[in-house]
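# Commentary on secondary and tertiary structure
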Amino acid sequence: MLNDSVPFPLKDKKKIFRANRPGSSRGGLITAVGANIPALLVSLPLPPSEVEVLIVKIWVIPNSSSPLTVDNLYSPRGKFDAHWLDSVISHLTLPFFILGDFNVHHPALLSLFFSSDASKVLDWISVNNMCLLNMSQFTRFHSGHAPSLLHLSICSADIYNSIGLEISHDTYDSDHCPILISIKNFGVRTTKTRKYINWNRFPKNINDNLTNSGQNLSIEMLSLQFQTNAAGSFHVNSTTP
């Protein structure tokens, strides 16, 4: 829930491009690019639509004179107009990514049912010789609902053979899975370390400490007990995105 009145700090220095949701103080899109990478916001004359779009050109592909165009997209209800889709693709230059939460359901996307405009989106991808990178792994796990593949990663055919894609099993406490996309021969794979609380160990540590204390504790002391035991219940997981 982005709000342009509140700063949005990131750990590393980034150029931040954003598209705020019209008529709302919350929501919208954000694309962050490394501060040392040339990038340019692109404004396109698209037909009216509830679909939110943020397009940025990024000069990242080695030995290429053309920038990589990244189309960041969100459709709140999975509604797409054919004319709007055609207008988007007509303005994109090669090479490009179209990445976003399309909110469409189709058996080809591991769903048990069709949403109204799903076939329209899949036909649009096929007719324009684009490549859908993820069709076999769920990208959203929502409590009480079947897992779904609502987040589509699309690229132009000219870079398909240079692309690697991975669906992260770490949702970072969200119900959406991060999608990691790499371009061959670009960048360095690094190991990321993240701390987790072992929730099975945590309550045992709390109960043991309360039993051993044998006295009524103040709010401040209880808070200190929780912080201490949370820190003692951490385990570390390393991944290489």
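Residues numbered from 1 in each chain as written. Predicted model: local features only at pLDDT ≥ 70, side-chain atom pairs only at ≥ 80, totals over all residues. Heavy atoms only, no water.

Moving on to the pattern of salt bridges. Scanning the entire structure with this criterion turns up three salt bridges. A salt bridge links Arg21 to Glu52; its shortest N-O distance comes to 2.5 Å. A residue pair is termed long-range when its members are at least 10 positions apart, and Arg21 in the loop between β1 (14-20) and β2 (28-34) and Glu52 in strand β4 (residues 52-58) qualify at 31 residues. By relative accessible area, which is 11% here, Glu52 ends up buried. (Salt bridge = Lys/Arg side-chain N within 4 Å of Asp/Glu carboxyl O. Helix = DSSP H or I, 4+ residues; strand = E, 2+ residues; numbered from the N terminus. Buried < 20%, exposed > 50% of the residue type's maximum accessible area, 1.4 Å probe, protein only.)

Before going further, it helps to examine helix α1 (residues 82-91). Along α1, the positions that sit buried rather than exposed are Trp84, Leu85, Ser87, Val88 and Ile89. For α1, the secondary structure elements touched by its buried residues are β4, β5 (68-74), β6 (96-101), α2 (118-127) and β7 (130-132). For α1, the capping residue at the N-terminal end is Asp81, with a side-chain oxygen 3.0 Å from the backbone nitrogen of His83. (Contact = heavy atoms within 4.5 Å. Polar contact = N/O pair within 3.5 Å; in protein donor to acceptor, adjacent residues only side chain to side chain.)

This part is about the packing of aromatic side chains. According to the stated counting rule, one finds two aromatic pairs in the structure shown. With centroids separated by 5.5 Å and ring planes inclined at 25°, the aromatic side chains of Phe80 and Phe102 adopt a geometry described as stacked. Residue Phe80 is found in the loop between β5 and α1, and its partner Phe102 is found in the loop between β6 and α2; the two are separated by 22 residues along the sequence. Classification of Phe80 by relative accessible area gives buried; the value is 3%. Three or more aromatic residues joined by ring pairs form one cluster here, namely Phe80, Trp84 and Phe102. (Phe/Tyr/Trp six-rings, centres within 6.5 Å; stacked < 30°, edge-to-face > 60°.)

This part takes up the sheet that holds β7. Across the sheet, six strands lie side by side as β3-β4-β5-β6-β8-β7; this open sheet has mixed pairing. The two strands at the open ends of the sheet, each matched to only one other strand, are β3 (39-42) and β7. Averaged over all adjacent pairs, the angle separating strand axes in this sheet is 20°, with direction ignored. In this structure, β7 lies alongside strand β8 (residues 151-156), joined through three bridges in antiparallel fashion. Residue Met130 lies in a different strand from β8, and its bridge partner there is Ser156. In the packing of α2 onto the sheet, contacts are made with β6, β7 and β8, and the angle to β7 comes to roughly 130°. (Pairing = 2+ DSSP bridges. Axes fitted to C-alpha atoms, helices over the stretch in contact; angles between N-to-C directions.)

By secondary structure assignment, the location of Asp71 is in strand β5. By relative accessible area, which is 0% here, Asp71 ends up buried. Between the alpha carbons of Asp71 and Phe97 there is a distance of 6.0 Å; along the sequence they are 26 residues apart. When neighbours within four sequence positions are excluded, Asp71 is seen to be in contact with Val53, Leu54, Ile55, Val88, Leu92, Phe97, Ile98 and Leu99.

Of all residues in the protein, 61% have pLDDT values of 70 or greater, and the mean over the chain is 77. The weakest mean pLDDT in the protein belongs to strand β12 (residues 234-239) at 50; the strongest belongs to β4 at 95. (pLDDT = per-residue confidence, 0-100.)

Owing to its 3.6 residues per turn, the α-helix aligns residues three or four sequence positions apart on the same side. What α2 keeps buried is the set Ala118, Val121, Leu122, Trp124 and Ile125. Burial along α2 is one-sided: seen end-on, the buried residues are contained in an arc of 155°. Seen from the open side of α2, the exposed residues pointing more than 90 degrees away from its buried face are Ser126 and Val127. Looking at the buried residues of α2, the elements they touch are α1, β6, β7 and β8. Following α2 by one or two positions, Asn129 has its phi on the positive side, about 55°. (Arc of directions from axis to C-beta.)

Before going further, it helps to examine the packing of α1 against α2. Relative to each other, α1 and α2 sit at 30°, their axes nearing to 11 Å. By the angle class used here, α1 and α2 are roughly parallel. The element α1 and its partner α2 pack so that their crossing is right-handed. Residues Ala82, Leu85, Asp86 and Ile89 of α1 touch α2, and the partners they reach there are Lys120, Val121 and Trp124. Looking at the contact of α1 with α2, its residues break down into five nonpolar, no polar and two charged. (Parallel < 35°, antiparallel > 145°, perpendicular 65-115°, else oblique. Left-handed = near helix turned anticlockwise from the far one by under 90°. Nonpolar A, V, L, I, M, F, W, Y, C, P; charged D, E, K, R; others polar.)

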